[in-house]
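# Structural features, examined
Residues per chain, in single letters:
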Amino acid sequence: MSTESSPLLSYRLFSVVDEGEMPGTQAQEETPLVGGDMGVAVGPPHPDPARRLSTFFGVVVPTVLSMFSIVVFMRVGFVVGHAGFLQSLLMLVVAYVIILLTVLSICAICTNGAIQGGGAYFMISRTLGPEFGGSIGLMFYLANVCACGVYILGLVEAVLDVFGAEGTDPPGARVLPQGYFYSFLYGSVVLLLCLLVCLVGARIYARAAFLIFLVVNLVLVAIFVSFVAVGPRQVPVARDANHTFNTSFTGFRLATLRANLPAMYSRDYTTNNLMTFATVFAVMFNGCTGIMAGSNMSGELRNASSSIPKGTIIAVVYTFIIYFLLFLMTSFTCERTLLKEDYGFFRSINLWPPLVLVGVYAASLSASMSSLIGASRILHALAKDDLFGIILAPAKIISKGGNPWVAVLYTWALVQLVLFAGKLNTIAGIVTVFYLVAYAAVDLACLALEWASAPNFRPTFQLFSWHTCLLGIASCVLMMFLISPAGASGSLVLMLALLGFIHLRAPASSWGYISQALIFHQVRKYLLLLDVRKEHVKFWRPQMLLMVANPRSGAQLIRFVNDLKKGGLFVLGHVEIGELDTMPSDPIQAHYNFWLSLVDKLNVKAFVDLTLSPSVRQGTQHLLRITGLGGMKPNTLVLGFYDAFVPDDYFLRDPAFSQARENDHFGVDLPALQAHFPPVRGAGVPKALPAAEYVAIVSDAVKMHKNVCLARYFPLLDKERLFSSKAEGCFVDVWPLNLLRPDTPAYVDVCSLFLLQLACILTMVSSWRAACLRLFLCVESGDRGWVAKEEKLKELLSKLRIKAAIRAVTWDHVVALHGQRLAAGEPFLNSAARQVTDEYLAAVNTLVLQQGGQVAVRFLYLPRPPADTSMYERYLEQLEILTRDLGPTLLVHGLTPVTCTEL
C-alpha cells in the first residue's frame, strides 16, 4: 500500500474500532476490506438513511431553541429587576462559564471517534461503561420527558393567561374554559401535535424547528427594534380586576441604567417568595440547560463528530450575545418597577404586542418537540444496548427511514402521564438537576479519558484540559445543590440505585471500560512506589503462586489458597509442555480466557500466569522468576501433593459448573470451559511428572528463597459441612516441630513461626473464624523442661497476639522408634533422611490422627529437601507416610521472618 493512503488507512481503522457493533444489535453490513487480515475498512461507507441532518438544522437550531425556550421572553425582566444589571451580567457570565466547561468536554469526546445515536448517553456509556452510562442515560431520558411536560404545561398556561376565561387580558379575548381537566386536555392536544411531527421523522422535525427558529428570531428582532423605535410611555400593570397601576418605559436613558445597576431583591409577585441571588440565578440558569439538544440528535446527523462541537459552540455564543443585549437594553430603558411587576413586559413595549405571544408560543412548542424527539433517541439507544432487558426491547424497532417510532410512542405515553400532574413547579427544579447530573457525567468522562492517558484518546478538539473538566464537574454539582438540595440528593440516590441494578444484571459489553485504563494508570504509579527495599516484616503478607495442573481436581485448593492469601497477591500458575520452535504460534494466549473464566466461576481474587516450557520444572522456575511486578511478586510456592490419590471431578459436583449457563462477558460458555480442561486422571494412570522432578521443584523454590507449601487431601475439604450450624466446632491444628527431624526440637525457628503465621491468617478470614487454633507441643515423660517450653510458647503467642490453645502431647513411644537402622548390617549414613524409619513415620502419623476433635486443616513442618538428589524419592515417600489419611494437610517450609512483636 502506498504511503499516500496511510492517513486514510489510519482514519478508517479508528472508525471501525469506534463504530463497532453495539451489544444487543445485529451487525451492520460490512464495508469492503483491503489488506488481508488487517481488517481495515478503506472502501466507501454505506450511507445511513437516518443520517441526513446538517450542522445547522441538526444542532444549531434545536440547541438555540432549547436554550431560549420561554425564559428569553418571560424571565429577562425578572432577572434584571431583582438582581440589577451588574449582578445579572455576573450571573450570565457564571452560567455560561459552567455551560462552556461542559461544552468543551462534549467537543473533546465527540472529536475522538464516531458518535452513534443516543447523544450524551452514548458518550458517557462508551467511556465510563454500561453501569454509569445506563443509570445517567435513564436519568437524562426522564429529565427530557419531564422537561417536555413542563414546556407543554408552560405553553398551556401562557395561552390561558391571554385567552382563558380567567385571564388578565381584556374580556374579549377570554374564550377558552379553564380548569384542571381543560388544562390537561389542551396539553394533550399540544403533545399530540408534537407526537405527529416526531413520528414522521427527524427531517420533518428539523423543518418545523427551523420555521420556529425563524419565528423566534423574528420576534427577537422586533423586540430589539421596539427598544429603539418605541418612545417613553406609561405601561399599565394589572394585578387583579380591582388593582391596576402605571409604571414607565423611559427609552434609552443613562439615569435609568444607573438606577438599574445595583441589585434590589424583593418578593416575587407570582409566588410571594423573597428573592435572593441564588434563587434568581437558579431561574436564569434553567434557561441555559439546553446544550445537549443537538447532541441528542447524534443518530440523525450526517457527521456527528464534526457537527456537534461546531453547532453547540455556535449556539452557545449566539444565545449569550442575545441574552447580553436583552439585559443591557432592558436596563437602559425600563424602570425597575416595570421589570419586577410585569415579567411579560416585552408585549407592553412592542410595536405589535401579539408578535411576542407568537414568540412565546413558538419557543415553548419547539422546546417541547426538542425534548420529545431527544428523549426518544436516548430511549432507543438504551434499548439497543439491552441494559434494562425486555422492558425496553420494543423500543429497538425503527422505521425504514431509521426513525425509532416505538421509542417515540413510549416517550409520548410517559409525557402524557406527566401532564396529569397539572403543575410541575417542583419537578421543574428536579429536571434541571437531572440535566446537571448528565453534564457532570460528561465532564467526568472527559476527565477520566484525560487522566487515563490512553494513547487512543486524541481528540481533534484541543481547547480543554483536565482542569476544565474538573472545574466543570465542581460547577455542575454546586449548581445542583444551589437549585434544589433535595432534588440533588434524590438524583444521586437514584443514580446509585440504577447503577447497582445494572451492575447486578452484569450486561455484556465490548465498549471498553475507562475504569480499566484508569486502574492501569494508577497501578503503574503505585507499583513504582512499592519499593522492595522498604519492605518491613510487620507488613508482610503471603503472596502465593499456586501451580495448578488441572482445576477439575484442584478447585478446592484454589479456594483455600484464596482464603489464605490475606489480601496478598494470588497467582494461578500452569505449565504447558511443548517447544515454541515446533509450533506455528504460541498456544498459551488462547488459553487465558478459559483460565480467567475459571477464576470468575470460582469467585476467587487471583491472577493467571501461563507458560510454555519443555518441562514442568523449567516452567515453574520461569514463573517463580518472572511472575508479578516490582514489589508484588510471589514469595510462596504452593503445590498439590505428589501421590496416587484420585479426587472427584469438581466440575461435576459444583452447581456453578454442572448447570448450563449463558456465556460470560468474554464469550466462554460452560461447555467450552469444561471441554478445555481434560478429565481427572484415573486410578492406575501414571503421572506425567516424575517424582524426582517434583522434589526438584521444591528444592528450586527453596534455592530461590521462596517459601514452599505442599497441600494434600484438599479435594476432601468441605467448608459448608465444617461450618454448618449443626456441626460441632472444628480445629486448625499446628505442629510446629520438625517431625522428620525430631532431634532438633526448636519450636520458635523461622519455619515454625511461618506456619504458625499462616494458620493464624487462616483463622482471621471471616469464613474461618469459627475454627479454633490448636498448637501441639510434643514432650517426653522424662523431660522436666516442657513446662518452661509451654510458658515460653504462651508468652510468644501473647506477644504475637495469636489466640491458640497449647496442647502437650506425650510421644515417648514415637521417639523410641527414631534413629533405628533400616536393616541389620546396613552402613550408617550421615543423612537425616535415612535415620527416619517408616515405623517412626507411621507412629507420628498415628499420633497426629489420635488428637480429638473435628480437624479442618493441619499445618505441618516441611523440612527442606536433601542435598543428595538420589534421595529425592525417599524424601517424598517419607512425606507420604507422615501425612497418610490425615485429611486436608499443609506442609510448610518458611524461609523468611514473618512475625513482629513491635508496634
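Another aspect to go through is the pairing of strand β13 (residues 854-861). In terms of residue burial, β13 counts as a mostly covered element, since 7 of its 8 residues are buried. Relative to strand β14 (residues 889-893), β13 is paired through 4 bridges, and the arrangement is parallel. The partner of Phe859 across the bridge, within β14, is Leu890.

Summed over the entire model, instances satisfying the criterion amount to 9 salt bridges. In this structure, Glu880 engages Arg712 in a salt bridge whose closest nitrogen and oxygen atoms are separated by 3.0 Å. Of this pair, Glu880 sits in helix α33 (residues 872-882) while Arg712 sits in strand β9 (residues 707-712); the two residues are 168 residues apart in sequence, bridging distant segments of the chain. Per residue, the accessibility class of Glu880 equals that of Arg712, and both read buried. A salt bridge links Glu795 to Lys799; the shortest N-O distance between them is 3.5 Å. Linking Glu795 with Lys799, this pair stays in helix α29 (residues 786-800), spanning 4 residues, or about one helical turn. Judged by relative accessible area, Lys799 falls into the partly exposed class, the value being 43%. If you follow the salt bridges from partner to partner, you end up with Asp643, Arg712, Glu880 and Arg884 in one network.

So, on to the environment of Val103. Of note, Val103 is situated in helix α4 (residues 76-110). Judged by its relative accessible area of 0%, Val103 falls in the buried class. Measuring from C-alpha to C-alpha, the distance between Val103 and Cys469 comes to 9.9 Å, with 366 residues separating the pair along the chain. Discounting chain neighbours no more than four positions away, the residues touching Val103 are Ile291, Thr312, Ile313 and Val316.

Taken together, 10 strands build an open sheet; the order of strands is β7-β6-β5-β8-β9-β14-β13-β10-β11-β12 and the sheet is mixed. Among the strands making up the open sheet, the edge pair consists of β7 (607-613) and β12 (805-810). This sheet shows a mean twist of 25 degrees between the axes of neighbouring strands, independent of strand direction. Relative to β9, strand β8 (residues 636-640) is paired through 5 bridges, and the arrangement is parallel.

With that settled, the discussion passes to the side chain of Gln543. Note on placement: Gln543 falls in the loop between α19 (514-529) and β5 (544-547). Given a relative accessible area of 10%, Gln543 falls into the buried group. Not counting residues up to four positions away in its chain, the partners in contact with Gln543 are Leu569, Gly631, Met632, Lys633, Pro634, Asn635 and Thr636.

As for its position among the elements, Ser54 is in the loop between β2 (40-41) and α2 (55-68). The sequence separation of Ser54 and Ile308 amounts to 254 residues, and the corresponding C-alpha distance is 9.9 Å. Residues within four places of Ser54 in sequence aside, it is in contact with Val59, Leu301, Arg302 and Ser307.

All right, on to the packing of aromatic side chains then. One pass over the structure, following the stated rule, counts 26 aromatic pairs. Plain terms: the ring middles of Phe227 and Phe346 are 6.1 Å apart, the flat faces sit at 90 degrees to each other, and that makes the pair edge-to-face. In this pair, Phe227 is assigned in helix α8 (residues 202-229) and Phe346 in helix α13 (residues 345-348), connecting sequence segments 119 residues apart. Per residue, the accessibility class of Phe227 equals that of Phe346, and both read buried.

This part is about the pairing of strand β6 (residues 570-577). For β6, the buried fraction is high: 6 of the 8 residues fall into the buried class. Two elements, β5 and β6, share 4 bridges in a ladder whose sense is parallel. Across the sheet, Leu546 pairs through a bridge with Leu572, a residue of β6. In the classification by handedness, the crossover that spans β5, the intervening helix α20 (residues 551-564) and the parallel β6 is right-handed. Across 7 bridges, the pairing between β6 and β7 is parallel. Bridged to Leu572 within β7 is Val608.

The next thing to look at is the confidence of the model for the protein. Confidence in the prediction for the protein averages 80 pLDDT; 85% of positions are at 70 or higher. Here residues 1-46 is modelled with pLDDT under 50, and outside its nearest four sequence neighbours on either side it reaches 54 contacts, counting other chains as well. This stretch, residues 821-833, has a pLDDT under 50; its non-local contacts, to residues over four places away or in other chains, come to 15 contacts.

Moving on to the packing of α8 against helix α11 (residues 304-333). When two helices pack together, you describe them by how their axes are tilted relative to each other and by the distance separating the axes. Contact geometry for α8 and α11: axes closest at 11 Å, N-to-C directions at 30 degrees. In terms of orientation, α8 lies roughly parallel with respect to α11. When you trace α8 past α11, the crossing you get is left-handed. On α11, the residues that touch Asn217, Leu220, Ile223, Phe224, Phe227 and Val228 of α8 are Tyr318, Ile322, Leu325, Leu326, Met329, Thr330 and Thr333. Each residue belonging to the contact of α8 with α11 can be placed in one class, and the counts come to 10 nonpolar, 3 polar and no charged.

This part takes up the environment of Gly729. Take Gly729: it is sitting in the loop between α27 (719-722) and β10 (730-735). In this structure the C-alpha to C-alpha distance between Gly729 and Gln854, which are 125 residues apart in sequence, comes to 7.1 Å.

It is worth spelling out unusual backbone geometry at this point. Of note, Tyr713 is a non-glycine position whose phi angle comes to about 65 degrees, a positive value. With a relative accessible area of 9%, Tyr713 lands in the buried category. The phi dihedral of Asp885 falls on the positive side, at around 60 degrees, and the residue is not glycine. Among the structural elements, Asp885 can be located in the loop between α33 and β14. A relative accessible area of 54% places Asp885 in the exposed class.

Scoring rules and cut-offs
- Residues numbered from 1 in each chain as written.
- Predicted model: local features only at pLDDT ≥ 70, side-chain atom pairs only at ≥ 80, totals over all residues.
- Heavy atoms only, no water.
- Buried < 20%, exposed > 50% of the residue type's maximum accessible area, 1.4 Å probe, protein only.
- Helix = DSSP H or I, 4+ residues; strand = E, 2+ residues; numbered from the N terminus.
- Pairing = 2+ DSSP bridges.
- Salt bridge = Lys/Arg side-chain N within 4 Å of Asp/Glu carboxyl O.
- Contact = heavy atoms within 4.5 Å.
- Axes fitted to C-alpha atoms, helices over the stretch in contact; angles between N-to-C directions.
- Phe/Tyr/Trp six-rings, centres within 6.5 Å; stacked < 30°, edge-to-face > 60°.
- Right-handed = clockwise from strand over helix to strand, strands pointing away.
- pLDDT = per-residue confidence, 0-100.
- Parallel < 35°, antiparallel > 145°, perpendicular 65-115°, else oblique.
- Left-handed = near helix turned anticlockwise from the far one by under 90°.
- Nonpolar A, V, L, I, M, F, W, Y, C, P; charged D, E, K, R; others polar.

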